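Residues per chain are reported as follows:
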Amino acid sequence: MGAPVRMRLAAAALLAGGVIGAAAATLLHSPILQAATAARSTDELAALKASFRRPPAVPFPADNPFSEQKRALGEALFHDKRLSIDGSLACASCHERGKGFADGKMQGRGVPGRPLKRHTPTLWNLAWSSPVFWDGRAHSLEEQVAGPIESPDEMAQPLAAVVARLAADPAMVRAFTQAFPEAPRVDGSNLAKAIATYERTFVSPDTRFDRWIAGDEHALTQNEVAGFRLFTGKAGCVKCHSGFAFTDYAFHDIGLPGEDRGRGAVLRLAAAEHAFKTPGLREIARSAPYMHDGSLATLEDVLRHYVSGVADRPTLSKDLTRGLKLSNAERADLIAFLGTLTSEGEPVLPDKIAAVKIGPSGPAEQVSTVSQDDKAFHPTHIALPRGGRLWILNNDTRTHNVRIFDPGLDFDSGAQEPGETVEIAFPAAGSFLVFCGIHPKMELYVDVAR
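Sequence order as written defines residue numbering, which begins from 1 separately in each chain. Two thresholds apply to this predicted model, a pLDDT of at least 70 for residue-level local features and 80 or more for giving and counting side-chain atom pairs, whereas whole-chain, interface and lining totals are computed over all residues. Only hydrogens and water are set aside; all other atoms, that is, all heavy atoms of the structure, feed into the side-chain values.

Caption draft 1: Spotlight on the overall build of the chain. The helix and strand tally for the chain stands at 13 helices and 13 strands. Along the longest, intermediate and shortest principal axes, the C-alpha atoms of the chain span 110 × 55 × 40 Å. Each of the 450 residues in the chain was classed as buried or not, and the buried ones make up 47%. It only takes one pair of heavy atoms within 4.5 Å for two residues to be counted as in contact. Of the contacts formed within the chain by residues at least 6 apart in sequence, a portion of 65% connects residues at least 24 apart. For every accessible area listed, the method is Shrake-Rupley and the probe measures 1.4 Å; residues are considered covered only by the protein chains on display. Carbon together with sulfur atoms contributes 58% to the accessible area of the chain, which is approximately 21,500 Å² in total. The charge count treats Lys and Arg as positive and Asp and Glu as negative. His and the chain ends do not count. Charged groups are reduced to one reference atom each: NZ for lysine, CZ for arginine, CG for aspartic acid, CD for glutamic acid. Computed over 49 positive and 52 negative side-chain charges, the separation of the two mean positions in the chain equals 2 Å. Labels follow the DSSP assignment, with helices taken as runs of H or I lasting at least four residues and strands as runs of E lasting at least two, numbered in each case from the N terminus. Buried, partly exposed and exposed residues are distinguished by accessible area as a fraction of the type maximum, computed with a 1.4 Å probe on protein chains only: under 20%, between the cut-offs, and over 50%, respectively.

Structural data, given as structure tokens:
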């Protein structure tokens with residue numbers, strides 16, 4: 001091809017490019033495209049807001065339904081120092097409502113006065129939690145109650161001795177009878193159920209953030225809204241601090257230095273080493289210091305950790321944002337947003353509780369294969385024939401640990417890596433709860449026909 005032809009083709013291409021570029025520039029600045037972009041941004045923000053709305057009801061287990069009498073008894077027991085061996089400590093001594101249901105100390109102190117191994121955790125919104133404690137070693141709030149009472153480093157008293165003390169008090173006997181009319185006795189089981197019932201009513205109060213997501217556009221400042229966008233976007237905080245309570249209730253290694261094995265020791269699973277439960281962020285301004293070891297004194301320290309303090313380990317959470325960089329203005333906006341999650345007055349508990357029974361939300365699907373994706377089972381409720389088998393495929397990017405704790409079936413998959421399939425046989429009839437030991441809010445209900 002001769003040079004003049006090449007030049008003419010190049011000129012034509014340049015002209016076409018100019019026309020296309022001009023058209024694209026015109027389209028980019030067109031009111032229609034700008035309106036569509038703004039609408040999409042508004043829709044995305046609305047969807048984000050909706051994901052943080054508080055649930056309409058508080059979940060209670062079928063074997064411990066809510067009642068006002070049980071709540072009243074639990075409140076009395078929560079504040080009763082007779083639960084400790086020397087009468088010096090109650091549950092409320094270490095879990096103060098004005099301090100985010102924590103104690104404001106780096107590490108708590110029990111009856112002996114020695115520092116405990118970990119920071120006192122907040123109790124807000126635990127009705128939506130399954131395993132409790134920083135490492136999830138108790139499967140429920142009911143199971144958790146005996147732990148601090150009997151621990152020699154905390155209340156240091158055998159549960160039987162606590163029951164004997166309370167049973168000698170006629171007023172307590174009457175309160176237990178009113179709370180448990182079908183099993184009117186003072187015993188460890190009823191004591192645990194009463195305290196757990198009261199703790200499930202620790203639903204954090206409304207804040208400016210709640211008014212904002214409900215539609216009050218003036219409830220937050222521009223900087224606070226910018227902080228929300230960072231929280232749910234660039235900073236990646238929402239990957240773990242999600243939902244109404246700002247926690248996925250899962251266990252993550254976030255790179256804090258130290259030898260505490262956390263969830264790994266409980267599950268005896270290498271993939272969960274140094275992993276601790278994601279704390280909720282409601283009432284966060286009251287619950288300093290932060291982290292399972294209380295090592296970070298301020299929210300500024302927390303941000304500094306995520307930017308430059310993460311210890312590199314093979315077990316670091318897949319949800320942890322790597323290489324995070326935040327300007328001073330972005331840090332200020334994030335801190336400002338977090339401030340909107342704390343109530344402006346003295347935090348109060350709800351007067352009325354709308355209770356709902358824990359369990360599947362829809363009918364069972366007749367399938368034998370279930371997938372895992374984005375920390376959830378799909379579907380979440382299935383039916384199998386007796387003697388049937390279930391296959392669970394990990395389509396997620398995370399390591400899972402499929403478990404069943406049931407008198408009729410004890411199953412532990414170990415570490416289930418992305419792409420791997422777990423097979424479970426169900427030889428007996430019944431209803432079973434399958435969950436992930438690392439991400440316990442992943443729940444699958446399995447009904448096996450009789």
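This is not the end of the story, as more comes after the structure.
Caption draft 2: Inspection of the confidence of the model for the chain at higher detail. Think of pLDDT as the predictor's per-residue confidence, scored from 0 to 100. Overall, the predicted model of the chain reaches an average pLDDT of 92, with 91% of residues at or above 70. Across residues 1–21 the pLDDT falls below 50, and counting only partners more than four positions away or on other chains, this stretch makes 2 contacts in the model.

Caption draft 3: Spatial organisation of the pattern of salt bridges. For salt bridges, the criterion is a side-chain nitrogen of Lys or Arg within 4 Å of an Asp or Glu carboxyl oxygen. Under the counting rule described, the total for this entry stands at 28 salt bridges. Sharing partners across several salt bridges, the network here consists of D248, D319, D374, K375, D396 and R398.

Caption draft 4: Structural view of the sheet that holds strand β6 (residues 377–378). Note on pairing: two strands pair once DSSP finds at least 2 bridges between them. Taken in spatial order, the 4 strands make up an open sheet running β6-β5-β8-β11, and their pairing is mixed. What marks the edges here is a single partner per strand, and that holds for β6 and β11 (421–425).

Caption draft 5: Spotlight on the sheet that holds strand β10 (residues 409–412). Spatial ordering of the open sheet is given by β7-β13-β12-β9-β10, a layout of 5 strands whose pairing is mixed. At either margin of the open sheet sits one strand with a lone partner, and together these are β7 (381–384) and β10. For this sheet, the mean angle separating the axes of adjacent strands, direction not counted, is 25 degrees. Pairing geometry for β7 and strand β13 (residues 443–448), over 4 bridges, is parallel. Among the inter-strand pairings, I382 is bridged to a residue of β13, identified as V446. Angles here are taken between N-to-C directions and fall from 0 to 180 degrees, while the axes themselves are lines fitted to C-alpha atoms, restricted in helices to the stretch in contact.

Caption draft 6: Molecular detail of the packing of helix α5 (residues 141–150) against helix α8 (residues 188–200). Between α5 and α8, the least distance of the axes is 8 Å, while the angle of their chain directions is 110 degrees. It follows that α5 is roughly perpendicular to α8 by the angle criterion. Contact residues: α5 offers L141, E142, Q144, V145 and I149, while α8 offers L191, A192, K193, I195, A196, E199 and R200. Throughout, the ten residues Ala, Val, Leu, Ile, Met, Phe, Trp, Tyr, Cys and Pro are labelled nonpolar, Asp, Glu, Lys and Arg are labelled charged, and all others, Gly among them, are labelled polar. Residue composition of the contact of α5 with α8, grouped by class: 7 nonpolar, 1 polar and 4 charged. For classification purposes, angles smaller than 35 degrees are called roughly parallel, those larger than 145 roughly antiparallel, those between 65 and 115 roughly perpendicular, and all remaining angles oblique.

Caption draft 7: Structural context of the packing of helix α3 (residues 68–78) against α8. Where α3 meets α8, the axes come as close as 7 Å, and the angle between the chain directions of the two elements is 95 degrees. On the basis of their axis angle, the class for α3 and α8 is roughly perpendicular. Residues K70, R71, L73, G74, E75, L77 and F78 of α3 touch α8, and the partners they reach there are L191, K193, A194, I195, T197, Y198 and E199. Class assignment of the residues belonging to the contact of α3 with α8 gives a composition of 7 nonpolar, 2 polar and 5 charged.

Caption draft 8: Fine view of the nonpolar core. In this text, buried Ala, Val, Leu, Ile, Met, Phe, Trp, Tyr and Cys residues form a nonpolar core when linked through side-chain atoms within 4.5 Å. Of all hydrophobic cores here, the largest spans 34 residues; its most connected members are L73, L77, F78, I149, F176, L191 and F202. Within the residue set of this core, elements represented by two or more residues are α3, α4 (91–94), α5, α6 (159–167), α7 (170–179) and α8. Broken down by element, the residue count for this core peaks at 6 residues, all from α8. With near-sequence residues (within four places) excluded, F202 lies in contact with F78, F101, L123, W124, N125 and L349. Counting 32 residues, the second-largest nonpolar core is a separate cluster that includes F209, L334, I335 and L341.

Caption draft 9: Layout of helix α13 (residues 328–339). An ideal rise of 1.5 Å per residue puts 16 Å on 12 residues; α13 measures up with 17 Å between its terminal C-alpha atoms. Along α13, the positions that sit buried rather than exposed are E330, D333, L334, I335, F337 and L338. Contacts from the buried residues of α13 go to α9 (208–213), α10 (222–232) and α12 (299–309). Any helix carries an expected span of 1.5 Å times its number of residues minus one.

Caption draft 10: Region of interest: the state of the cysteines. Cysteine sulfurs are considered disulfide-paired once they come within 2.5 Å of each other. Throughout the structure, instances matching the rule amount to 0 disulfides. For the unlinked cysteine C94, the closest cysteine sulfur is that of C91, found at 8.7 Å.

Caption draft 11: Molecular detail of the packing of aromatic side chains. Note on aromatic pairs: the rings of Phe, Tyr and Trp (six-membered ring only in Trp) are paired at centre separations within 6.5 Å, and the planes decide the class, stacked below 30 degrees, edge-to-face beyond 60, tilted for the rest. This model, assessed by the stated rule, comprises 22 aromatic pairs. Measuring from centroid to centroid gives 4.6 Å for F52 and F246, while their planes differ by 20 degrees, and the two rings are stacked. With F52 in the loop between α2 (31–50) and β1 (58–60) and F246 in the loop between α10 and β2 (251–252), this pair connects stretches of sequence that are 194 residues apart. Measuring from centroid to centroid gives 5.5 Å for F78 and F202, while their planes differ by 80 degrees, and the two rings are edge-to-face. One end of the pair, F78, is in helix α3; the other, F202, is in the loop between α8 and α9, and 124 residues separate them in sequence.

Caption draft 12: Structural view of the side chain of H439. Note that H439 resides in the loop between β12 (430–436) and β13. Throughout this description, a polar contact denotes any pair of N or O atoms lying within 3.5 Å of each other; where both atoms belong to protein, one of them has to be capable of donating a hydrogen while the other can accept it, and for residues adjacent in sequence the pair is counted only when both atoms sit in side chains. Looking at H439, its side chain comes within polar contact range of the side chain of H400, at 3.1 Å. Among residues more than four places away in sequence, those in contact with H439 are A250, K375, R398, T399 and H400.

Caption draft 13: Spotlight on α8. In a regular helix each residue adds 1.5 Å, so 13 residues correspond to 18 Å; α8 covers 18 Å between its end C-alpha atoms and thus fits that length. Judged by how many residues are buried, α8 sits mostly within the fold: 10 of 13 residues are covered. Residues of α8 that are buried sit in contact with β1, α3, α5, α6 and α7.

Caption draft 14: The arrangement of unusual backbone geometry in detail. Omega for the bond connecting A288 with P289 falls within 30 degrees of zero, at 0 degrees, which places this linkage in the cis form. By the secondary structure assignment, P289 is in the loop between β3 (276–277) and α12. In this structure, the amide linkage connecting H378 to the following residue, P379, adopts the cis form with an omega of -5 degrees. Its place among the elements puts P379 in the loop between β6 and β7. Phi at Y249 takes a positive value of approximately 60 degrees, unusual for a residue other than glycine. Here Y249 is to be found in the loop between α10 and β2.

Caption draft 15: Spatial organisation of the environment of G323. Note that G323 resides in the loop between α12 and α13. On the basis of relative accessible area, G323 is assigned to the exposed category, the value being 64%. Separated by 255 residues in sequence, G323 and E68 have C-alpha atoms that sit 49 Å apart.

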